[in-house]
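Structural description and commentary
One letter stands for each residue in the lines below.
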Amino acid sequence: MLVATLFIAATTLLAKALGTDALGPPLHPLQISHGRFLFAFLAIAATVLALRPRLIRPDLKTHIGRTLCGWGGISLMFAAVAFIPLADATAISFLNPVFGMLLAIPLLGERVGPWRWLAAGIALAGMIVLMRPTPESFQPAALLALAAAALMGLELIFIKRLSNREGPLQILFVNNALGLLIASVAVLFVWAAPTPAQWGALVALGLAMACAQACFIHAMRRAEASFVTPFSYLTLVFAGLYDLIIFDVIPDAISLTGAAIIISGAALLAWREARFKRRPRADRTGPPPPP
């Protein structure tokens, strides 16, 4: 999971470099997400060919819903990191389990107790802090990260349905294949020729995401979600370090406070989910998978 968080933070760093003028003329977020799906799919397809896992008939309807949410969420996140610090965007992304919990009430008929409501309230309070809701300091781009977290929360609903039916490698393969198809259509309207440095960053972005997904799956196979979850929050630390080293961005007091509040709420939710996991019909939500 530590390696997964390093790679996840690296994808946001590369997306920021591609969405600004660090490597050439800024690329559109839809083109960046296309590169993410293209090169991640090539890496995962090569893995499938090498391992030849047993594949079953996929639930295409659920896969399409999951992929649309994942593609939309990651595209919005890539747009957000071009304008706000990586640490802020990453912290807001930790709201996606909260959105997943809230959406599970009407969509999955789940019951939410007082502890989970408290965790959601704490995390949402941290989001308000990070949004800086004053006329002088409000960050409109933070709304993009918030929308991304909401879409990724909805994606968790589809993942819950798929995880009980199909193997993880098949889910990754189908997801990235459909994501590449969707992204290839969308990028036609915004395509611009990347510079050689941007091509390299796009390749690195896709490979980093594929590695993050693989590491995440292996971590969840080898340990309890309650043990793995705390390590996933180190994504925020790596994102802050990357932003400091590469872009010379130092998190201010508001960023640190908001991030701490969001992580507190998300950690409380993860702890409560671990308690529920011991019950016969429990919801087994672990840390959200890389989108």
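Note that the coordinates shown come from a computational prediction; the quantities given were computed from them, not determined experimentally.

**Focus: the overall build of the protein chain**
Within the protein chain, the secondary structure is distributed over twelve helices and zero strands. Going residue by residue from the N terminus, the α and β elements of the protein chain occur as α-α-α-α-α-α-α-α-α-α-α-α. For a compact globule of 291 residues, the expected C-alpha radius of gyration is about 19 Å, and the protein chain comes in at 18 Å, within 12% of that figure. Across its three principal directions, the C-alpha atoms of the protein chain cover 55 × 55 × 30 Å.

**Things to note about the confidence of the model for the protein chain**
For the protein chain, the mean per-residue pLDDT works out to 87, and 94% of the residues sit at or above 70. Here residues 280–284 scores under 50 on pLDDT; set against residues more than four positions off or in separate chains, the count is seven contacts.

**A few points about the side chain of Arg36**
On the secondary structure map, Arg36 appears in helix α2 (residues 29–51). Look at Arg36: it is buried, it has no salt bridge, and the nearest opposite charge is Glu155 at 7.2 Å. The residues contacting Arg36, other than those within four sequence positions of it, are Phe78, Asn176, Leu205, Gly206, Met209, Gln213 and Pro291.

**Notes on helix α11 (residues 234–247)**
Its 14 residues place the ends of α11 19 Å apart at the C-alpha level, agreeing with the 20 Å of an ideal helix rising 1.5 Å per residue. Asp248 lies just past α11 and shows a positive phi near 60 degrees.

**Let's talk about the environment of Met127**
If you trace the backbone, Met127 turns up in helix α6 (residues 114–131). When the C-alpha atoms of Met127 and Gly72 are compared, they prove to be 20 Å apart, with 55 residues separating the residues in sequence. Discounting residues that sit within four places of it in the chain, Met127 has contacts with Leu95, Leu146 and Ile262.

**Describing the state of the cysteines**
In this structure the tally under the stated criterion is zero disulfides. Among the cysteines around Cys211, which has no disulfide bond, Cys215 carries the closest sulfur, lying 6.4 Å off.

**What about the pattern of salt bridges?**
In the structure shown here, the tally under the stated rule is five salt bridges. Where Arg66 meets Glu155, a salt bridge forms, and the shortest distance between an N and an O atom there is 2.7 Å. Of this pair, Arg66 sits in helix α3 (residues 60–81) while Glu155 sits in helix α7 (residues 141–163), placing them 89 residues apart in sequence. When sorted by exposure, Arg66 lands in the same class as Glu155, which is buried. Among the salt bridges present, the one from Asp252 reaches Arg132, with a minimum N-O distance of 2.7 Å. Taken as a pair, Asp252 in the loop between α11 and α12 (253–277) and Arg132 in the loop between α6 and α7 lie far apart in primary sequence, 120 residues in all. Take Asp252: its relative accessible area is 34%, and that puts it in the partly exposed class. Among the charged side chains, a salt-bridge network with shared partners connects Asp88, Arg132 and Asp252.

Here is what the cut-offs are and how they apply
Residues numbered from 1 in each chain as written. Predicted model: local features only at pLDDT ≥ 70, side-chain atom pairs only at ≥ 80, totals over all residues. Heavy atoms only, no water. Helix = DSSP H or I, 4+ residues; strand = E, 2+ residues; numbered from the N terminus. Rg over C-alpha atoms; globule rule 2.2 N^0.38 Å. pLDDT = per-residue confidence, 0-100. Contact = heavy atoms within 4.5 Å. Buried < 20%, exposed > 50% of the residue type's maximum accessible area, 1.4 Å probe, protein only. Lys, Arg positive; Asp, Glu negative; His and termini not counted. Salt bridge = Lys/Arg side-chain N within 4 Å of Asp/Glu carboxyl O. Expected span 1.5 Å × (residues − 1). Disulfide = S-S within 2.5 Å.

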